[in-house]
Amino acid sequence: MNKGLQQLFEIANKEKRTIIGLMSGTSLDGLDIALCDFTGHGTQTRMNLREFTTMSYDSTFKQEVKAIFSKRQVDLEKVCVMNAYIGRFHADLINQCLKNWGIAQSEVDIIASHGQTIYHAPASLHGIASMPDATLQIGDGDHIAVKTGIITLSDFRQKHIAAGGEGAPLAVYGDYLLFSEEGQNRIMLNIGGIANFTFLPGDLDTTRIFSTDVGPGNTLMDAYVQQQFPGTYYDADSAIALKGRYSPALVAALLYHPFFEQGFPKTTGPELFNLAYLEEAQRKSDTQHLSAEDVMASLNRFSASGICEALSRTLQGEKFEIFLSGGGMHNPLLIQNIQEMLPGVTVRNTEELGVSPDAKEAVLFATLANECLVGEPIDFGPGQTRVPSVLMGKISLPE
Ligand SMILES: Nc1ncnc2c1ncn2[C@@H]1O[C@H](COP(=O)(O)OP(=O)(O)OP(=O)(O)O)[C@@H](O)[C@H]1O
Ligand SMILES: CC(=O)N[C@H]1[C@@H]2OC[C@@H](O2)[C@@H](O)[C@@H]1O[C@H](C)C(=O)O
């Protein structure tokens, strides 16, 4: 038997598995690395987050990725080169991180790598009736496996599409296994570049569970800050937005798009929500004269409105609690806007559930890998065609 397969078989049979989960999101801020121990699987999953860090990307790397990121036309040679390069670069970051933690490669059973999304094209975006939903993550797992010597699972999203989903959000699988609680309606709200949430009903009825993107979290705010204040990557602590006032006309124009009318679940990305989208909304609402601070305040209010309208539509008067994660939870004005639009709703973060909110997405991919190795497909019920019953992840062996 292939030695790598034999090793994989042994890992799947272990009582406890040590898995590194990796996430590099749409914000391009860095590689999130979560070292997790797992026992069990499915609803019996027990996860202990041992270590977590974000290995920040330098500006050169960000520029390299931006050259091929969420653009309809790019240099195909660059995409080809970056697929290998990102895999090797991520492997270097993992090796560095393990050294920092004082953990040997041999102590890690599996790496679960999301890769870098460079284009996300659900049918609602590309609009070609004869073509499927599509998404592309690069940073090939073979490079990670060979350079770290650790078996790597990667490219989780294709299987989701193959089985009827849109390739995202995959959060639903991890949120259900790690955070469901009988008797409490929970909203797991992740505010990354794109904001998404999972609804976990307190009656544990799996046919009601779903995850959906709701629109921009930070992506438009980040893009605008980067354009207006070169060298600044995001509106730290809402410092810029707090100096301005939001324009109701601009916020209304930003919210006026068929994406917001679409039913759940749905997905999106910076392919739609970018500076051209903002310019169009400013033109339509005749708000080109606004100061940068007022535009930032408007973008902040827009993100909060998209989130709150989607939540109100889902819950329709049911009582629920929000558990936040993702970088947007560190944006005070955004959270203030959300609380203002959802009076009386308790907003907490996933730290209270034992998972650092910055680590949650990296932990998700580790959880998906654990399921791929030892789990069984979760059946969310016959109506849940967009939450397919599948195990995800492709295997790369180091040798
Ligand atoms: N102190 C802060 N003040 C305001 N915003 C912040 C702060 N800290 C982080 N952020 C925001 O969080 C972003 C990073 O969030 P996160 O790492 O969750 O995104 P991501 O994982 O790349 O996105 P996605 O989940 O869409 O893939 C930053 O780009 C910034 O906009
Ligand atoms: C295609 C893609 O990379 N989508 C990401 C992105 O970042 C947030 C949101 O858009 C979400 O749909 C997804 O990631 C998370 C981890 C998910 O699949 O649940």
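Residues numbered from 1 in each chain as written. Chains lettered and ligands numbered in written order. Predicted model: local features only at pLDDT ≥ 70, side-chain atom pairs only at ≥ 80, totals over all residues. Heavy atoms only, no water.

### Side note on the overall build of the protein
For step 1, the next point in the chain: In terms of regular secondary structure, the protein is built from 14 helices and 12 strands.
For step 2, the next point in the chain: Relative to the globule expectation of 21 Å for 399 residues, the C-alpha radius of gyration of the protein, 21 Å, shows essentially globular dimensions.
For step 3, the next point in the chain: Structurally, the protein occupies a C-alpha span of about 70 × 50 × 45 Å along its principal axes.
For step 4, the next point in the chain: Considering the protein as a whole, with its 399 residues, one finds that 55% of them fall into the buried category.
For step 5, the next point in the chain: Within the protein, residue pairs in contact and separated by at least 24 positions form 70% of the contacts whose partners lie at least 6 positions apart.
For step 6, the next point in the chain: When the accessible area of the protein is evaluated, it comes to approximately 17000 Å², of which 50% is carbon and sulfur surface.
For step 7, the next point in the chain: Across the protein, the centroid of the 30 positively charged side chains sits 1 Å from that of the 46 negatively charged ones. (Helix = DSSP H or I, 4+ residues; strand = E, 2+ residues; numbered from the N terminus. Rg over C-alpha atoms; globule rule 2.2 N^0.38 Å. Buried < 20%, exposed > 50% of the residue type's maximum accessible area, 1.4 Å probe, protein only. Contact = heavy atoms within 4.5 Å. Areas by Shrake-Rupley, 256 points an atom, 1.4 Å probe, with all protein chains shown as cover. Lys, Arg positive; Asp, Glu negative; His and termini not counted. Charge placed at Lys NZ, Arg CZ, Asp CG, Glu CD.)

### Here's the deal with the sheet that holds strand E8 (residues 194-200)
For step 1, the next point in the chain: Pairing within the open sheet is mixed, and its 5 strands lie in the order E9-E8-E7-E10-E11. Each of the sheet's edge strands pairs with one partner strand only, and the pair in question is strand E9 (210-216) and strand E11 (346-349). Averaged over all pairs of adjacent strands, the angle between their axes in this sheet comes to 25°, without regard to strand direction.
For step 2, the next point in the chain: Inspection of the sheet shows strand E7 (residues 186-191) paired to strand E10 (residues 321-325) by 5 bridges, in the parallel sense. (Pairing = 2+ DSSP bridges. Axes fitted to C-alpha atoms, helices over the stretch in contact; angles between N-to-C directions.)

### Some remarks on the domain arrangement of the protein
For step 1, the next point in the chain: Domain boundaries assigned for the protein yield domain 1 (3-170 + 358-396) and domain 2 (177-353).
For step 2, the next point in the chain: The gap between the C-alpha centroids of domain 1 and domain 2 is 24 Å.
For step 3, the next point in the chain: Here domain 1 packs against domain 2, burying approximately 2500 Å² in sum over the two surfaces, 57% of which is carbon and sulfur.
For step 4, the next point in the chain: The largest contributions to the domain 1 side of the interface with domain 2 come from Pro169, Asp358 and Lys360, which together make up 24% of the buried area.
For step 5, the next point in the chain: Summed over the shared surface of domain 1 and domain 2, the number is 0 salt bridges.
For step 6, the next point in the chain: Put simply, domain 1 and domain 2 have 7 residue pairs in polar contact (both at pLDDT 80 or more) between them.
For step 7, the next point in the chain: Looking at the side of domain 1 that touches domain 2, the elements with two or more residues in it are helix H2 (59-66), strand E4 (110-121), helix H4 (123-126) and helix H14 (360-374).
For step 8, the next point in the chain: Top contributing element to the side of domain 1 that touches domain 2 by residue count: H14, with 5 residues.
For step 9, the next point in the chain: Broken down by class, the residue content of the side of domain 1 that touches domain 2 amounts to 12 nonpolar, 12 polar and 9 charged. (Domains from an automatic or database assignment. Buried area = accessible area lost by both parts, 1.4 Å probe. Salt bridge = Lys/Arg side-chain N within 4 Å of Asp/Glu carboxyl O. Polar contact = N/O pair within 3.5 Å; in protein donor to acceptor, adjacent residues only side chain to side chain. Nonpolar A, V, L, I, M, F, W, Y, C, P; charged D, E, K, R; others polar.)

### Thoughts on the packing of aromatic side chains
For step 1, the next point in the chain: On inspection of all chains with the given rule, the structure shows 19 aromatic pairs.
For step 2, the next point in the chain: Ring centres of phenylalanine 61 and tyrosine 85 lie 6.2 Å apart, and the angle between their planes is 40°; this geometry places the pair in the tilted category. Separated by 24 residues along the polypeptide, phenylalanine 61 in helix H2 and tyrosine 85 in helix H3 (residues 76-101) bring together distant segments of the chain.
For step 3, the next point in the chain: We classify tyrosine 85 as partly exposed; its relative accessible area is 36%. (Phe/Tyr/Trp six-rings, centres within 6.5 Å; stacked < 30°, edge-to-face > 60°.)

### Focus on the site of ligand 1
For step 1, the next point in the chain: The full set close to ligand 1 counts 21 residues, and Thr26, Gly193, Asp222, Asp237 and Gly327 are the nearest of them.
For step 2, the next point in the chain: Within the contact set of ligand 1, an oxygen atom lies 3.5 Å away from a side-chain nitrogen or oxygen of asparagine 218.
For step 3, the next point in the chain: Here histidine 330 contributes a backbone N or O atom positioned 3.2 Å from a nitrogen atom of ligand 1.
For step 4, the next point in the chain: In the complex, 88% of the free accessible area of ligand 1, which totals 650 Å², lies under the protein chains. (Near = heavy atom within 4 Å.)

### Focus on the site of ligand 2
For step 1, the next point in the chain: Lining the immediate environment of ligand 2, one finds 14 residues, of which Thr117, Arg157, Leu170, Ala171 and Asp213 sit closest.
For step 2, the next point in the chain: Between ligand 2 and threonine 117 there is a distance of 2.6 Å, counted from an oxygen atom to a side-chain nitrogen or oxygen.
For step 3, the next point in the chain: For ligand 2, an oxygen atom lies 2.7 Å from a polar atom in the side chain of arginine 157.
For step 4, the next point in the chain: In isolation ligand 2 has 440 Å² of accessible area, and contact with the protein removes 97% of it.
For step 5, the next point in the chain: If you list the elements that add at least two residues to the shell around ligand 2, you get E4, E8 and H14.
For step 6, the next point in the chain: Per-class residue counts for the shell around ligand 2 are 6 nonpolar, 5 polar and 3 charged.
For step 7, the next point in the chain: Taken together, domain 1 (3-170 + 358-396) and domain 2 (177-353) each give at least three residues to the shell around ligand 2, which thus spans both.

### What about the pairing of E10?
For step 1, the next point in the chain: With 5 of 5 residues buried, E10 is to be regarded as a mostly interior element.
For step 2, the next point in the chain: Alignment of E10 against E11, held across 4 bridges, turns out to be parallel. Bridge pairing in E11 places leucine 324 opposite asparagine 349.

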